[in-house]
Every structure is written in structure tokens, then in C-alpha cells.
Amino acid sequence: MENKIKSIKKWINKGGFPFEMKVAKAFKEGGFQIGQSILFKDSETGKYRETDIIAHVTKSVEKVWFNLTFVVECKKIVGKPWIVLKSDSEYQTQKDKLPIFGSNNAQLLIKKILSESKFRSPLLFPDLTNYGYNIVTAFSEKNDSSYSASQSVIKATDYLVNKSNKSNSKFCNIYIPIIAIKGELYDGSLTNDNEIKLEEKFVSTFVSTKSFEENGLSVLTVVTEKKLAEYIKELKIECTSFFEKYDKELRDIAKSNPTNLNLTIYDNDF
């Protein structure tokens, strides 16, 4: 029996389950409510898949729930570092169309914030000038783990937005995709001498753009295990600041009786 337990533990530790559990625990200890192994329907295949962690903070204003939800994909990438590719070009054309995942009522909140508040929360209004334009996996000829992880978390986030928009519960849901990795992360750029420069990072962010699509811009943050606790602490501070700074805008939206269409099993869960 003891040998069997050791074999099971060895098998579990070879995969990504312990890291996923550690990330969930870190979010919970950081003051977030969490859900694990949440199913979503892949928009391309029509099959149900699993997103690793959903972590959120919630505030009730006039009986309306305002949710900041972080959709987290976890990856163990030992031996194959991820590289965020960066260039000197800025996303000038994209600055007027911010990449925000949110329910219909959340989009109304964003418009109100843009027109009535001078405060720009980094959760919603990131500075795109220092973001990467792509992410790749080193030493990988196919089955790029960075690409599959980014696509998976974007699809999961899209799915949650669509489910939110089919609910008649009173809420505003804002979703932010994150990838947590156990492994190495680098920023890669080109020097003036046209040489590749690599710089190790513990947190990096890149923009995923789909050509010719109106809402084809997605901002994804990658955080390593080494920086995880500190990053989560900073996220919680930004969430608190969001609710405090936008109190007036939240109350204005709450008074508008913000509901959507049909009640679903996902109402108020996230």
C-alpha cells in the first residue's frame, strides 16, 4: 500500500496538478474567492474543456453585484522557457479601443468611467507601449505550450462573457485572463545591432491580436511561480482601489437596474 501511495504521488508530481493547487491556494490566501476546474465550451470545436482557476472579488452596490474575475490558466513548463517577443513599435491604433472582457453592463460601466472619471485603473486601462506582440516556447518545434495556453484562457474568458450576457441577474462582470507558469520566462527583443537580447522576467504581458476582427485584441499577463504571491497581493490592492475610486460610477450603474436575458446556472458564481 505504501509503495502504491508513493507511485501515485510521483505520478501527480510529474504533471501540473500540484502547481495548479498551489496557485489556487495563493489566490485564496490573497483574499480572492476561487473556483477550480470550471468547464467551458470551446468556440471552435464545440467541446467542453476545463479552465484551471477562476479567482474573483465582489462588491455589492444597491443589490447589484460587481465582479472582478481573473481567469487563470496554469502551466508547468520545465526545460522549455517561454519568451515574450517585444519591439519598439507602440500600439497607437489600439489605444482608443481598449481590450476589456466584460458583460454588457460592464461595458456600460467602462463607458461611464471613461467619460466621468480621471482615474485609470491598470486593471482596465493598461499601458500598451511596453507590451509584447507575441509569445513562443523555446526548444519547441510543434505543440507550442505558450500558444495553446493563451488560446485556452482567451476562449474560457470569452465563454464566461457570453454566459454573463444570457443572465437576468443584476451584476456587472469584468474578466481578466492570466497565465501562471512553473518555469522560466524571458522578454526577447532586437538590439540596435540586430542581435537578440533576452532578459529574464517574473511577470510579462503581451497583446494577442486577431486580424480583421473588431474585438480581436486581447491582453494577457504571464506570471511565474517565483513572483506569484507578490503579484496576487498587487492585484488585490488594485481591485480594492477599483471599487473605491469608481464608487460613484458603480452606484450610477446600479441604479439603472442592470440585467441581461435568461437566468443561468452561472449567475453570481463568478
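A few points on the structure. (Residues numbered from 1 in each chain as written. Predicted model: local features only at pLDDT ≥ 70, side-chain atom pairs only at ≥ 80, totals over all residues. Heavy atoms only, no water.)

1. Examining the environment of Ala-138
Among the secondary structure elements, Ala-138 is positioned in the loop between strand E6 (134–137) and helix H4 (145–164). A relative accessible area of 15% places Ala-138 in the buried class. In this structure the C-alpha to C-alpha distance between Ala-138 and Ile-83, which are 55 residues apart in sequence, comes to 7.1 Å. Ignoring any residue separated from it by four or fewer positions in sequence, one finds Ala-138 in contact with Lys-80, Pro-81 and Ile-83. (Helix = DSSP H or I, 4+ residues; strand = E, 2+ residues; numbered from the N terminus. Buried < 20%, exposed > 50% of the residue type's maximum accessible area, 1.4 Å probe, protein only. Contact = heavy atoms within 4.5 Å.)

2. What about empty space enclosed by the protein?
A full pass over the atoms with the stated rule returns two cavities of 30 Å³ or more. Of the voids in this model, the second largest cavity is the one considered here, and its volume is about 30 Å³. Phe-66, Asn-67, Leu-68, Leu-109, Cys-172, Ile-174, Phe-242 and Phe-243 together form the lining of the second largest cavity. Secondary structure elements with two or more residues in the lining of the second largest cavity: strand E3 (64–76), strand E7 (171–182) and helix H5 (228–245). Tallied by class, residues from the lining of the second largest cavity come to seven nonpolar, one polar and no charged. (1 Å grid on protein atoms, 1.4 Å probe; cavity = no way out; pocket = protein on both sides within 12 Å on 5 of 7 lines; lining within 4 Å. Points joined across faces, edges and corners; volume = space filled by probe spheres on them. Nonpolar A, V, L, I, M, F, W, Y, C, P; charged D, E, K, R; others polar.)

3. Notes on the nonpolar core
Ranked by size, the top nonpolar core spans 41 residues in total, and within it Val-23, Phe-32, Phe-66, Phe-70, Val-72, Ile-174 and Phe-242 carry the most contacts. Residue assignment for this core shows that the elements contributing at least two residues are helix H2 (17–29), strand E2 (48–61), E3, helix H3 (104–116), E7, H5 and helix H6 (247–255). It is H5 that contributes the most residues to this core, seven residues altogether. Every residue in contact with Ile-174, bar those within four places of it in the chain, is listed here: Asn-67, Leu-68, Thr-69, Phe-101, Gly-102, Ala-106, Leu-109, Ile-110, Leu-124 and Phe-242. Of all hydrophobic cores here, the second largest spans 23 residues; its members include Ile-54, Val-84, Ala-149 and Val-222. (Core = buried A, V, L, I, M, F, W, Y, C linked by side-chain atoms within 4.5 Å.)

4. Thoughts on the packing of aromatic side chains
Per the stated rule, a full pass over the model turns up five aromatic pairs. Look at Phe-32 and Phe-70: their rings are 5.7 Å apart centre to centre, the planes differ by 85 degrees, and that puts the pair in the edge-to-face class. With Phe-32 in the loop between H2 and strand E1 (33–41) and Phe-70 in strand E3, the pair connects residues that are 38 residues apart, well separated along the chain. Of the two residues examined, Phe-32 and Phe-70, each falls in the buried class. Measuring from ring centre to ring centre gives 5.4 Å for Phe-242 and Phe-243, while their planes differ by 80 degrees; the resulting arrangement is edge-to-face. Residue class for Phe-242 comes out buried when judged on its relative accessible area of 1%. By relative accessible area, Phe-243 is classed as buried at 9%. Put simply, the rings of Phe-119, Phe-242, Phe-243 and Tyr-246 pair up and form one aromatic cluster. The ring of Phe-125 has Arg-120 sitting right over it, with the charged end atom 5.2 Å from the ring centre. (Phe/Tyr/Trp six-rings, centres within 6.5 Å; stacked < 30°, edge-to-face > 60°. Lys NZ or Arg CZ within 6 Å of the ring centre and 35° of its normal.)

5. Description of the pairing of E7
Along E7, eleven of the twelve residues are buried, which leaves the element largely enclosed by surrounding structure. Direction of pairing for E3 relative to E7: parallel, over a ladder of twelve bridges. Counterpart to Leu-68 in the pairing with E7 is Ile-174. (Pairing = 2+ DSSP bridges.)

6. Concerning H4
Given a rise of 1.5 Å per residue, 20 residues ought to cover 28 Å, and the 29 Å separating the end C-alpha atoms of H4 matches this to within 8%. With 15 of 20 residues buried, H4 lies mostly within the body of the structure. (Expected span 1.5 Å × (residues − 1).)

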